[in-house]
Every structure is written in structure tokens, then in C-alpha cells.
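Here are the chains, one letter per residue:
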Amino acid sequence: MLWACVLLPSLALDGALRRRPPLAQPFALVHGPARQRTLIAVNDSARAAGLRPGQRLTEAEASCGSLVTGEHSSRRLAADLGLIAAWAYRYSSEVVLDPPRAVVLEIGKSLGLFGPWAKLEARLREELAELGFCHRIALAPTPHAAKVLARAHDGACVADPGALPQALARIPVARAGLPDNAAEALSGMGLHTLGQLFGLPRAALQRRFGEGLLQSLDVLSGQVPHALARYRPPPRFDARIELPAEASNIQSLLFPLRRLLGDLAAFVAARDGGVQRFVIRFGHADAAPTDITLGLLAPERDAAALFEVAKLRLEQVRLAHPVLELGVHADALPPLAPAGRDLFDARPAHALPWEALRERLRARLGADAVYRIAADADPRPERASTRPCDVSRSQAVSGQVVLPVRPAWLLARPIPLRGPPPRILAGPERLETGWWD
């Protein structure tokens, strides 16, 4: 088996920044009691201004007047890690959450589908960058070794189990995930790398540190299997963003909405499905939430298409109250069969598919404003093909009724036939309906 670890060293900070429009000024996450608030994480601008994690907020504000702060939340941290796990589920059915900042996935069975590791690694990095998360990735024969290597060397790749001890030998014991008391004691004894530790007698290590250290080393090297709790994506998508300030117009909500719908697209793609109905919820300070429900005629999982439909729909909304929180909820997540295109399709590359155009028109004009014409059993040509039909129904479904051969159109005024006698194709047919019209 081969395990890839996705380590997210600045998960809390990335999660806060990706919910905001691009920010150039110093930013920090803060936490703690009102009079003892400290900085948990800072961005590059804040670090350049001399701010650091662990610093008191009062001291930071005194030295940097342009500092923007956000509240650190363990709930949001867990939600962001769950989002990464849902995204990783697209590439492996064996995904393991390793709180607070790592996800491990078995990719040995996925290489036949996604290509060699170098290609899959590049794809993972590209999509993580699009989601807005800084990351470190490593590959190893065991999940714990993959995490340790990701901490030490971003991009480390150890595919051969026989090469794992040599790769681990250079890892500092302080970064090997060993029990805290053991790591500190080993460093005090002059043992600074795992290679030095592997060379010691096991009996001596057991007498000095107990069974816990040996078990950690065996799990790390893969000599002892370790039970892992497999991740399973939840049956519904529920995410929300608390806005830094009240928003009174739709335009100021488009950036967080795009981010939420991008997360929704990644979530349903991991389930190999789509979304057919979702709710955009506006949270207000002094009023009940406002829900905007969007229903699609067919399942969709393209983030750009979802955002386009939502944007067109929200252009018709007038906010009665300022918005403090934006959420997206979806529980209609059916399977998705991507539409295929002909190899020799003559349409221009930029041409809009009918399905996408259909959804845009419905979002702009209303769900009942777009329909198609279906055949009807009425024998009168002027009424036989003018029955409105649900645009989501296919021709095959709506055309199951077998109708006789009949004229398809009428002239504005009768014209006598000329030339040779006509040849009868069908009929005669006696018509006994419509006279009351």
C-alpha cells in the first residue's frame, strides 16, 4: 500500500483568508479571554510588520495600527479539515482524518486511474492551491511515515518499503510523532535522529520508556499495523461564512458565495455525483434568515456553472436586512452522468451547451418561463404541436404516444391543388373533436 499525506501547516489561517476578499494589509487570528487575547496565526504582511504568533493583541495593535483580526474557531478548523477530506475522497476510498491539520489517503490503488505519482501529486497540489490551502505532501508505505516525512520534507517520496528505514533515519526525533516525554528525554540523552534510535537495543528502550515508544516506532516503520478510522463523506453539504462586516448589497456577497459554491463542487465531485437543488441562506442580526432556493433541471458539479446560475438568480433579490452570515446547504445530491460530446463535434470551443444555457435562462427569467413544445393528440395542425412541456423532459419520454400521420402545418389561406392527382399517404381519418372551439 502507498499512503499520501496532505499536511496543512496553516489551515486555520488559510481557512480564514479564503473566506475574505484578497487582503494586502496585516491579518492575524486571535483567541483567548477579552483582556488576554493573543495572536494564533499571522499572514506574511503581519510577519513583515514584526508580529508573531503568541503575541498579546494589545501589543500587536500598538505596534501595527493597520492590523485586521479574525476570531480563531476550532469548529471552523474542523470544518475546513473535513472539506479537505471530502476533496481527497475523490482520489481514494480510504481517507483518514488526522486532526488537527493532516489528511492521509491510500493512493496505491488509484495510480492506475490517475497516472503515476508525479502526475497525481501535481494534480493534488493544483487543486489545493485553487481551494486556497497551503500544503505539504509526502508519499510513504505507511500513513504515519507519510505524515512524518511531510513534516520534514515537502515532496518526499518513498515508494519502496525497503527504503523506508533509510528515509526515516534522518528525521529528528522531535518531529517524528513520538510520545512527548520520550522525545524530550531522547534529545536530552543526545539521540537526535530516528537513525540513532533504531540502532539501540529494543529491550533497553522498553525498560527506559515503556511499551509506548516501541509501539510508535513499529507503527511508523510498518512492522505493526495500526487500525485507522476511515472517513466517509456526510450525506449533505452544509457550510457557512461569517462576514467581517455587514453586507447590504449582493455584489459584496459574490466573493464568499463563489468560495462556498467551489467547496460544494469539490464535495459532490468527491462523491462522484452532482447537486440538483441547494439553498443560499442569508443570516441577519435582528431578523430570521432569508433562504433562496435554487433548483436545477439536471445534476451539476461545475463550480463556474453553479456560481453563474446563483449570480443570475441573486441579481433579482433585494436584501431587506444587512447580511452577517452567508451559508450554502444542499441535500439533493444525485449521481451524475457527465454529458458526452461527439469526437467530431462542429460546435466552437466557446459555444455554450444547451444544458448550461437552459439553466441561465431559468435563473434569469424564472423557472416557468422556459419550456419546450411537445406533440399533442389534438388532430388540428394549429393545436397539435403547441402544448407547453417541462423543459427537463426528454423527447423520448414526452413522445411515447404514437400519433397517426397528420398534416404538420396549415396555410394562411387554402390554395387549390394543381398538377397530377395527389397520392394518399394516410387516412381517411374521421375527426370528431374541436368543433366547440
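In what follows, the structure referred to is the one given above.
Residues numbered from 1 in each chain as written. Predicted model: local features only at pLDDT ≥ 70, side-chain atom pairs only at ≥ 80, totals over all residues. Heavy atoms only, no water.

Novice: What should I look at first to understand the sheet that holds strand β3 (residues 38–42) in this one?
Specialist: Paired through backbone hydrogen bonds, the strands of a sheet run either parallel or antiparallel to each other. The strand order β3-β2-β4 describes an open sheet built from 3 strands, whose pairing is mixed. The open sheet has two free edges, formed respectively by β3 and β4 (68–71), since each of these has just one partner strand. Put simply, the sheet's adjacent strands are angled 40 degrees from each other on average, direction ignored. Pairing of strand β2 (residues 27–31) with β3, which is carried by 4 bridges, proceeds in the antiparallel orientation. Looking at the pairing, H31 lines up with T38 of β3. (Pairing = 2+ DSSP bridges. Helix = DSSP H or I, 4+ residues; strand = E, 2+ residues; numbered from the N terminus. Axes fitted to C-alpha atoms, helices over the stretch in contact; angles between N-to-C directions.)

Novice: Any chance you could explain the packing of aromatic side chains here in plain terms?
Specialist: For any two aromatic rings, the description comes down to two numbers: the centre-to-centre distance and the angle of the planes. Counting across every chain of the model gives 4 aromatic pairs. Pairing W87 with Y91 gives two aromatic rings, centres 5.9 Å apart and planes at 65 degrees, and the pair type is edge-to-face. The exposure classification of W87 matches that of Y91, with both residues buried. Judged by centre distance (6.3 Å) and plane angle (75 degrees), the ring pair of Y89 and Y231 falls under edge-to-face. With Y89 in the loop between α4 (74–88) and β5 (95–98) and Y231 in the loop between α12 (211–221) and β8 (237–247), this pair connects stretches of sequence that are 142 residues apart. Across this residue pair, the class does not change: Y89 and Y231 are buried. Clustering of aromatic rings is evident, with ring pairs tying together W87, Y91 and F114. A cation over an aromatic ring shows up here: R258 above the ring of F307, its NZ or CZ 4.0 Å from the ring centre. (Phe/Tyr/Trp six-rings, centres within 6.5 Å; stacked < 30°, edge-to-face > 60°. Buried < 20%, exposed > 50% of the residue type's maximum accessible area, 1.4 Å probe, protein only. Lys NZ or Arg CZ within 6 Å of the ring centre and 35° of its normal.)

Novice: Looking at this model, I keep getting lost on the nonpolar core. Mind explaining?
Specialist: Grouped together as the largest cluster of nonpolar side chains are 72 residues, with contacts concentrated most on W87, L257, L261, L264, F278, I280 and F282. Ranked by residue count, the leading element in this core is helix α13 (residues 254–270), at 10 residues. Ranked by size, the runner-up nonpolar core spans 33 residues in total, among them A167, L168, V173 and A182. (Core = buried A, V, L, I, M, F, W, Y, C linked by side-chain atoms within 4.5 Å.)

Novice: Looking at this structure, I do not really get unusual backbone geometry. What am I missing?
Specialist: Leave glycine aside and you will find that most residues have negative phi; peptide bonds, for their part, are mostly trans. Cis rather than trans, the peptide bond between P99 and P100 has omega equal to 5 degrees. Here the amide bond leading from G427 into P428 is cis, since omega sits at 5 degrees, within 30 degrees of zero. Of note in this structure, D272 is not a glycine but carries a positive phi near 55 degrees. One can find D272 in the loop between α13 and β9 (275–283). Among the residues examined, D272 registers a relative accessible area of 52% and is labelled exposed.

Novice: Help me understand the packing of α13 against helix α14 (residues 303–314), please; the structure alone is not making it clear to me.
Specialist: The packing of two helices is summarised by the inter-axis angle and the distance between the axes. α14 packs onto α13 with a crossing angle of 140 degrees between their chain directions and a minimal axis gap of 9 Å. As judged from the angle between their axes, α13 and α14 are oblique. The two elements α13 and α14 cross, and the hand of that crossing is right-handed. From α13, L254, L257, R258, L261, G262, L264 and A265 reach across to α14, where they touch A303, L306, F307, A310, K311 and L314. A per-class count over the contact of α13 with α14 returns 10 nonpolar, 1 polar and 2 charged. (Parallel < 35°, antiparallel > 145°, perpendicular 65-115°, else oblique. Left-handed = near helix turned anticlockwise from the far one by under 90°. Contact = heavy atoms within 4.5 Å. Nonpolar A, V, L, I, M, F, W, Y, C, P; charged D, E, K, R; others polar.)

Novice: Looking at this structure, I do not really get helix α15 (residues 354–365). What am I missing?
Specialist: Residues spaced three or four apart along an α-helix face the same direction, because each turn holds 3.6 residues. Relative to the 16 Å expected for 12 residues at 1.5 Å per residue, α15 spans 16 Å between its end C-alpha atoms, a close match to the ideal helical length. Along α15, the residues classified as buried are R358, E359, R362 and A363. The arc that holds the buried residues of α15, viewed along the axis, is 130 degrees, so those residues lie on one side. In the core, the buried residues of α15 are packed alongside β10 (290–300) and α14. Looking one or two residues beyond α15, the residue adopting positive phi is G366, at roughly 110 degrees. (Expected span 1.5 Å × (residues − 1). Arc of directions from axis to C-beta.)

Novice: Can you help me understand the pairing of β9 in this one?
Specialist: Of the pairings in the sheet, the one linking β9 to β10 comprises 7 bridges and is antiparallel in character. Along β10, the bridge assignment pairs I280 with I292. Linking two consecutive strands that pair antiparallel, namely β9 and β10, is a turn of 6 residues. Sheet topology note: the β9/strand β11 (residues 323–332) ladder contains 6 bridges and is antiparallel. Following the sheet pairing, V279 is matched in β11 by H329.

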